[in-house]
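What follows is the residue order along each chain.
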Amino acid sequence: MAEPKTNELMEKIVSLCKRRGFVFQSSEIYGGIQGFWDYGPLGSELKRNVKELWWNAMMRAREDVVGLDATIIMHPQIWRASGHVDTFSDPMCDCLLTKRRFRADQIEPQSGIAYHYSGASDPSTGKQVAEPYSVLLPPGKPPESARRTATQFYAGRGLAQVELQGERTEKVEGSTRYNPENGSLLTEARPFNLMLKTYVGPVADEDNVAYLRPETAQAIFAQFKNVLETSRQSVPFGIGQIGKAFRNEVTPRNFTFRSREFEQMELEFFIRPDEAVEVLAGGVAQAAAGGWKGSPASDWGWEVWHKYWVEQRVQFYEDIGLPRTSLEEYWQKPEELAHYARATVDILFKFPFGTQELEGIAARGDFDLSQHQKHSGKSMEVFEEELKNAWGRLEEAKRQDLLRRTTEARLQALRKKGVAEAEAGPQAAAEAKAFVDKLARGVYIPHVIEPSAGADRLILALICHAFHEEEVTDDKGKKETRVVMRFHPRVAPIKVGVFPLLKNKPELVRKAGEVRDLLRPHMSVFYDDAGAIGRRYRRQDEAGTPFGVTIDFDTLGETPDLKETVTLRHRDSMKQERVPITELVARLTAAIRGA
């Protein structure tokens, strides 16, 4: 069957999500609220499964990662230290005609003829409006269209009868200064802070301002020392968290992909700086050697750790049903990196609306912990006796070489920030000496590798990847379109459907209830006795249920050899087999875990 077009495919997916109870628009009975979504019965199970699998993979299956569950509202100084108060913004502009708001960096470049006006007047009253305005028309569109738009603009400025003034035209190429929907001029771009503000306490004034967290990571940094001291961990180790975050997006779009309330699954993995690794291990492993494909080693520096976590995250997506062919790795160019980042890889998924980011894995250096140490006045440093002893055994020549290379690295970083050369040299030397002096005492601030994933984006990716339409033939030879959600059994909201062949036969219903109760402690089960068995299968196909169990008359002993067996149906192949009831739990559990 031909694949549906991209926009049609997304429309079908959104419709299915509503119809089958995966996702609902928030506050729908009041007209909804843009950028907010609720997960229905199937969606909430799907999301819970995904979060549980992430937690198991990142925390429970590893000895070097522990968990955290922090508050949504934290001390506002945290967001000043992290830079969110001053820099967490998007460039925003407004349509001068409709007041609709756009993100300036997401406006597609346009070309055409711009009609400029110096102002307008009302001949009936003599009133003048001297505000300049312009309209962009695509090639071939008549000038009257621009004049009508300009007339609407000046009418909105209080002119009852509009007489346009100073019309002139200009050829425009690749401009982002105009509304792509109506050609109206946009305001100049200005920063729009994405944090949602609230107040803590009975008085809503600036002394009580707080913010809904825009990310979960900062709580991990703020609690770093507490976790380190209570968890009996040592560097390298990680802290993971799943939680809500909030961003006042200018233009929420693409269904649940870009929302104002969303859930993150983040890990902050703390590692030694490369200089400490070199002192301890005698050298730093090179990423080009491919060591990151194996088990972590004591000589791993940030590059190897970074590649290791990229591979770990891609493997996780494979394990829950997103093959590598559906993903792309985008390594950010040097000019795209945040000022503190050494490297960032975006894991992208091929959505129907375009290839977009699922997760970012960033090597963030010591920026975050250093900022919180600076702003809070509390130490974020760690001490290692082993490092102190290793420095004591280091030859003087190697100490001086390490100081020289550290100084050069600091100098390059300062130059990148735009620090004047006359200041950069002395500052780099002072910072390098202070850093190396602390290393000699066994002290350093850990660096961080951060895999940060969006739970809601992952849910949408799984839904999009699972959605299939295929033409099948029913028992009567009639062709029909089967909609099937091919979720991996591990993430499927419902693992098995249980069906009595007929609901008006008490003995079948009773036996089906026994099978349901047998399976329910081990997996999510849906019991359905309404309608023809084929329709029940189709309903579960749409829900993504990988297995169906039918209790029929053979189960009751009509065919003696088949007594106490059931029909096990496989969603994707639609094949059926007879399985003893006593083997059901083991068979299904193995299929779900090992698929």
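Check the entry above for the structure.
As a starting point, this report considers the structure included with it. (Residues numbered from 1 in each chain as written. Predicted model: local features only at pLDDT ≥ 70, side-chain atom pairs only at ≥ 80, totals over all residues. Heavy atoms only, no water.)

**Brief notes about the overall build of the protein chain**
Helix and strand content of the protein chain: 18 helices and 29 strands. C-alpha atoms of the protein chain, sized along the principal axes, occupy 95 × 90 × 55 Å. Taking all 595 residues of the protein chain together, 48% fall into the buried category. In the protein chain, which carries 82 positive and 86 negative side-chain charges, the distance between the mean positions of the two groups comes to 2 Å. (Helix = DSSP H or I, 4+ residues; strand = E, 2+ residues; numbered from the N terminus. Buried < 20%, exposed > 50% of the residue type's maximum accessible area, 1.4 Å probe, protein only. Lys, Arg positive; Asp, Glu negative; His and termini not counted. Charge placed at Lys NZ, Arg CZ, Asp CG, Glu CD.)

**Some details on the sheet that holds strand E6 (residues 110–117)**
Strand order in the open sheet formed by three strands is E9-E6-E11, with antiparallel pairing between adjacent strands. Because the sheet does not close on itself, it has two edges, and the strands there are strand E9 (133–137) and strand E11 (168–175). Each strand of the sheet is rotated relative to its neighbour by a mean of 30°, with strand direction disregarded. As defined by bridge partners, E6 adjoins E11 across six bridges and the pair is classed as antiparallel. Residue pairing for E11: Ala114 is matched across the bridge by Glu170. Relative to the sheet, helix H5 (residues 143–155) contacts E6 and E9, its axis offset from that of E9 by approximately 145°. (Pairing = 2+ DSSP bridges. Axes fitted to C-alpha atoms, helices over the stretch in contact; angles between N-to-C directions. Contact = heavy atoms within 4.5 Å.)

**Some words on the packing of aromatic side chains**
Using the criterion set out here, one finds 23 aromatic pairs in the structure. Pairing Trp305 with Tyr308 gives two aromatic rings, centres 5.6 Å apart and planes at 90°, and the pair type is edge-to-face. Within this pair, Trp305 and its partner Tyr308 are both found in helix H9 (residues 302–319), separated by three residues, close to a single helical turn. There is no split in this pair, since Trp305 and Tyr308 are both buried. Where Phe499 meets Tyr537, the ring centres are 5.6 Å apart and the plane angle is 75°; that geometry is what we call edge-to-face. Linking Phe499 in strand E25 (residues 496–500) with Tyr537 in helix H16 (residues 533–543), this pair joins segments that are 38 residues apart in sequence. The exposure class assigned to Tyr537 is buried, which follows from its relative accessible area of 9%. Through a chain of ring-to-ring contacts, the aromatic side chains of Phe269, Trp300, Trp305, Tyr308 and Trp309 assemble into a single cluster. Directly above the aromatic system of Phe435 lies the positively charged group of Arg410, at a separation of 5.0 Å from the ring centroid. Over the ring of Phe257 we find Arg457, and its NZ or CZ is 3.9 Å from the ring centre. (Phe/Tyr/Trp six-rings, centres within 6.5 Å; stacked < 30°, edge-to-face > 60°. Lys NZ or Arg CZ within 6 Å of the ring centre and 35° of its normal.)

**Considerations on the environment of Ile445**
Here Ile445 is to be found in the loop between strand E21 (443–444) and strand E22 (447–454). In this structure Ile445 comes out as buried when scored by relative accessible area, which is 12%. Separated by 99 residues in sequence, Ile445 and Asp346 have C-alpha atoms that sit 26 Å apart. With near-sequence residues (within four places) excluded, Ile445 lies in contact with Pro273, Asp366, Leu369, Ser370, Gln373, Met380 and Glu381.

**A look at unusual backbone geometry**
A cis amide bond, omega 5°, links Val235 with the succeeding residue Pro236. Structurally, Pro236 can be placed in the loop between helix H7 (224–230) and strand E15 (237–246). The phi dihedral of Lys99 falls on the positive side, at around 70°, and the residue is not glycine. Structurally, the position occupied by Lys99 is in the loop between strand E4 (89–94) and strand E5 (101–103).

**Overview of H9**
For an α-helix, the turn length of 3.6 residues means that residues three or four places apart are oriented alike. Over its 18 residues, H9 runs 26 Å from end to end, which matches the ideal 26 Å to within 8%, given 1.5 Å per residue. Among the residues of H9, Trp302, Val304, Trp305, His306, Tyr308, Trp309, Val310, Glu311, Arg313, Val314, Phe316 and Tyr317 are the ones counted as buried. Once H9 ends, the next one or two residues include Gly321, with phi positive near 110°. (Expected span 1.5 Å × (residues − 1).)

**Looking at the pattern of salt bridges**
Once the charged atoms of two side chains with opposite charge are near each other, the side chains can pair. Taken as a whole and judged by the stated rule, the model has 49 salt bridges. The salt bridge partner of Arg177 is Glu188, with a shortest N-O separation of 3.5 Å. Here Arg177, found in the loop between E11 and strand E12 (190–193), pairs with Glu188, found in the loop between E11 and E12; they are 11 residues apart in sequence, far enough to count as distant. In this structure, the salt-bridge partner of Asp401 is Arg404, at a minimum N-O distance of 2.6 Å. Pair noted here: Asp401 and Arg404 are both in helix H12 (residues 396–416), with a separation of three residues, about one helical turn. (Salt bridge = Lys/Arg side-chain N within 4 Å of Asp/Glu carboxyl O.)

**Some words on the sheet that holds E4**
With respect to topology, three strands assemble into an open sheet ordered E5-E4-E12, the strand pairing being antiparallel. At either end of the open sheet lies a strand with only one pairing partner, and these are E5 and E12. Each strand axis lies, on average, 50° off the axis of its neighbour in the sheet, ignoring direction. Pairing geometry for E4 and E5, over three bridges, is antiparallel. From the neighbouring strand, Asp94 faces E5, where its bridge partner is Arg101.

**Focus on the packing of helix H8 (residues 274–281) against helix H11 (residues 385–392)**
The interhelical angle for the contact between H8 and H11, taken along N-to-C directions, is 65°, at an axis separation of 8 Å. Put simply, H8 runs roughly perpendicular to H11. As for the relative orientation of H8 and H11, their crossing is left-handed in sense. Residue-level contacts link Ala276, Val279 and Leu280 of H8 to Glu386, Leu387, Ala390 and Trp391 of H11. A class-by-class count of the residues in the contact of H8 with H11 yields six nonpolar, no polar and one charged. (Parallel < 35°, antiparallel > 145°, perpendicular 65-115°, else oblique. Left-handed = near helix turned anticlockwise from the far one by under 90°. Nonpolar A, V, L, I, M, F, W, Y, C, P; charged D, E, K, R; others polar.)

**Overview of the nonpolar core**
Phe22, Trp309, Tyr317, Leu458, Ile463 and Phe487 are the most contacted members of the largest nonpolar core, which totals 64 residues. Every residue in contact with Tyr317, bar those within four places of it in the chain, is listed here: Leu322, Leu327, Ile347, Leu358, Glu359, Ala453 and Leu458. (Core = buried A, V, L, I, M, F, W, Y, C linked by side-chain atoms within 4.5 Å.)

**Observations regarding a nonpolar patch on the surface**
A cluster of nonpolar side chains, namely Ile72, Ile73 and Val200, defines an oily patch on the protein surface of about 210 Å² accessible area. On the secondary structure map, Val200 appears in the loop between strand E13 (196–199) and strand E14 (209–212). (Patch = residues over 30% accessible without salt bridge, like charges linked within 9 Å, V, L, I, M, F, W, Y side chains within 5 Å. Areas by Shrake-Rupley, 256 points an atom, 1.4 Å probe, with all protein chains shown as cover.)

**Structural notes on the packing of H8 against H12**
Taken N-terminus to C-terminus, the directions of H8 and H12 make an angle of 165°; their axes are 11 Å apart at the nearest point. With respect to H12, the element H8 is oriented roughly antiparallel. Once H8 is placed against H12, the crossing between them reads as right-handed. Residue-level inspection shows Glu275, Glu278 and Val279 of H8 in contact with H12, the latter providing Leu402, Arg405 and Thr406. The residue makeup of the contact of H8 with H12, split by class, is two nonpolar, one polar and three charged.

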